[in-house]
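# Breakdown of the fold
Residues per chain are reported as follows:
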Amino acid sequence: MCNKNHSSYSQLITKYLTYDFESKDYKNILKSLQKIKNYCIDNNECKVTVSHMLLDFALDSLLPEIHIYSKKIIDLSLELNPNDELIKEFHIKITEKIKLLPHLEKAKYDPNMSQDIYEYIFHSIFSDINSLTDYFNTINMMLKYKMLLHKIYNNLNKYKKHVKYLKSHYYILYEEFKDFFDSILSNKFKLNKKDLFFNSLMNLDSILHEEDIYSEDDDYIEEDVYVEEDVYVEDNPFYDFDSSYEETHTSQPITVEKIGRNDDCPCGSGKKYKKCCLGKD
């Protein structure tokens, strides 16, 4: 019975919210949330189950351009299940961070904004919000975040100007991660041990990649030199090559006349071959 109810609740979310988001009918989301609330109003099991489904949905849909609707979803999740510790914790986190999202959305489309700085802020916000879920613990997300730190760490002077731009145009974003950005401006940015190890691996990979490219170039150059040498031999004025020799002197099998034991020795000694060079040969 429980599984059957869970399935019906899942269909409820799909029927309303999933359809609204997939069709990008965001204005209809508020109506859908009211329908979900009415459906569960006198059913405690529905409230508990659906509240967690709404939490998951809010986290999956928490993007800068639609953050208002994500906030409404997490609000309903808390309303349906106000004593759930996990929902309360996420509600607090999302409420604190959601004020940053309008500024993040504006920065996203700012042509003067560093994409790497934007990505760092984006990942930092969502890693904090999703710290209790699997969102940020996926390999791809973690790798992307570490690669950003690697780029910044190895190009501090380059990113200083980007941080200064962030500070002057998006101070609320700068203030949220002030310690990190101040460390860049003061040349005090450091990686922890794990990130230093990752940075070393990335640098090693870069060196090996350069060596691979160099080796390929060497092979290419060597091939060119080989061709040039062929041309050089034929065009060299000091290379005495008589083409008529090849035409008149064709390869012939070499025949050797057999020497008898009693014949004169070919060495010119006047002795018989058997008493002269036979044993020496």
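See the structure printed just above.
Here we summarise the structure given alongside this text. (Residues numbered from 1 in each chain as written. Predicted model: local features only at pLDDT ≥ 70, side-chain atom pairs only at ≥ 80, totals over all residues. Heavy atoms only, no water.)

### Observations concerning the packing of helix α2 (residues 29–40) against helix α3 (residues 44–60)
For any two helices packed against each other, one specifies the crossing angle of their axes together with the interaxial distance. Running from N to C, α2 and α3 cross one another at 155 degrees; their axes reach a closest spacing of 9 Å. The angle between α2 and α3 falls in the class roughly antiparallel. You can see that α2 and α3 cross each other, and the crossing is right-handed. Here L33, I36, Y39 and C40 of α2 lie close against α3, whose contacting residues are C46, K47, V50 and L54. (Axes fitted to C-alpha atoms, helices over the stretch in contact; angles between N-to-C directions. Helix = DSSP H or I, 4+ residues; strand = E, 2+ residues; numbered from the N terminus. Parallel < 35°, antiparallel > 145°, perpendicular 65-115°, else oblique. Left-handed = near helix turned anticlockwise from the far one by under 90°. Contact = heavy atoms within 4.5 Å.)

### Points about the state of the cysteines
Each disulfide consists of a covalent bond between the sulfur atoms of two cysteine residues. Tallied over the entire structure, the rule returns one disulfide. In this model, C40 is linked to C46 through a disulfide, with the two sulfur atoms separated by 1.9 Å. Neither residue differs from the other here; C40 and C46 are each classed as buried. (Disulfide = S-S within 2.5 Å. Buried < 20%, exposed > 50% of the residue type's maximum accessible area, 1.4 Å probe, protein only.)

### Brief notes about the packing of aromatic side chains
Applying the stated rule across the entire model yields 12 aromatic pairs. Plain terms: the ring middles of F21 and F57 are 5.0 Å apart, the flat faces sit at 65 degrees to each other, and that makes the pair edge-to-face. On the criterion of sequence distance, the pair formed by F21 in helix α1 (residues 2–22) and F57 in helix α3 is long-range, its members being 36 residues apart. Look at F21 and you get buried, because its relative accessible area is 13%. (Phe/Tyr/Trp six-rings, centres within 6.5 Å; stacked < 30°, edge-to-face > 60°.)

### Concerning unusual backbone geometry
A positive phi is found at K24, a non-glycine position, where the angle reads about 60 degrees. Here K24 shows up in the loop between α1 and α2. Of note in this structure, N187 is not a glycine but carries a positive phi near 60 degrees. One can find N187 in the loop between α11 (178–185) and α12 (193–235).

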